[in-house]
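# Close look at the chain arrangement
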Amino acid sequence: MDNDARLIAFYRGEGQDHKGRLLEEIWALSSFWLEHTHDYIQWLFPIPEAGRFNAFAPLLTSDVQAAFEREEPLRRHQQRSLDVMLDFFGLLRDGNDITAQPTLSMQTHIWLKAGGHNHLRITRMIRSLALCHQPTLARAVQQAVIELGTQHGVVSEASLRYWREAF
């Protein structure tokens, strides 16, 4: 199966990632797993550029982008992936509104610290949502992490710049 077919099948819930995981299985994994595993985010939020950490991740091509535009279930599944990651980050989504959970703090949500791999994940999420025909949602994520990251954390200027320039 080629790159495009693998990614589309995965997002339809019919195929597996490079480690044999289904999309729904990833959604059910613990926050500890999400923090310490680094090869799933590229599947949940594909972009056209290859990542440094997962050579097995498929790339977002124009054909995959067209599938996301054409198939509402793909966008809905990506929204569910977003909800999983937002919960991991201590955030909640209601439509296009993203707010902080009452427990949001630097002690429990490492993304609120100056740097780290979660900042790269956030940049990828914003960019992928925009490229997968969900620009309003991408903008909502972008605005929320910038606002909440500066209010509740010590997010670096470099990370804020990446988030602003994600699309």
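The notes below deal with the structure included here. (Residues numbered from 1 in each chain as written. Predicted model: local features only at pLDDT ≥ 70, side-chain atom pairs only at ≥ 80, totals over all residues. Heavy atoms only, no water.)

## Some remarks on helix 1 (residues 3-12)
Each turn of an α-helix holds 3.6 residues, which means side chains three or four residues apart point in the same direction. Along helix 1, the residues that are buried comprise Asp 4, Leu 7, Ile 8, Ala 9, Phe 10 and Tyr 11. For helix 1, the elements touching its buried residues are helix 2 (23-27), helix 4 (41-44), helix 5 (62-70) and helix 6 (72-88). Once helix 1 ends, the next one or two residues include Gly 13, with phi positive near 85°. (Buried < 20%, exposed > 50% of the residue type's maximum accessible area, 1.4 Å probe, protein only. Helix = DSSP H or I, 4+ residues; strand = E, 2+ residues; numbered from the N terminus. Contact = heavy atoms within 4.5 Å.)

## A short note on the packing of aromatic side chains
All told, the structure shown has seven aromatic pairs when counted by the stated rule. Ring centres of Tyr 11 and Phe 68 lie 5.4 Å apart, and the angle between their planes is 65°; this geometry places the pair in the edge-to-face category. Taken together, the positions of Tyr 11 in helix 1 and Phe 68 in helix 5 put the pair 57 residues apart, joining distant regions of the chain. Taking the relative accessible area as the measure of exposure, Tyr 11 reaches 0% and is therefore buried. Residue Phe 68 is classed as buried on the basis of its relative accessible area, which comes to 1%. (Phe/Tyr/Trp six-rings, centres within 6.5 Å; stacked < 30°, edge-to-face > 60°.)

## Some remarks on the pattern of salt bridges
Throughout the structure, instances matching the rule amount to eight salt bridges. Note that Glu 71 and Arg 70 form a salt bridge whose closest N and O atoms lie 4.0 Å from each other. Judged by relative accessible area, which is 16%, Glu 71 ranks as buried. The exposure class of Arg 70 is exposed, given its relative accessible area of 58%. One salt bridge in this structure joins Arg 76 and Glu 72, with 2.6 Å as the shortest N-O distance. Highlighted residues: Arg 76 and Glu 72, both in helix 6, separated by four residues, approximately one helical turn. Overall, the relative accessible area of 40% leaves Glu 72 in the partly exposed class. When salt bridges that share partners are traced, they join Asp 17, Lys 19, Arg 21 and Asp 39 into one network. (Salt bridge = Lys/Arg side-chain N within 4 Å of Asp/Glu carboxyl O.)

As far as function goes, none of this settles anything; it's purely spatial.
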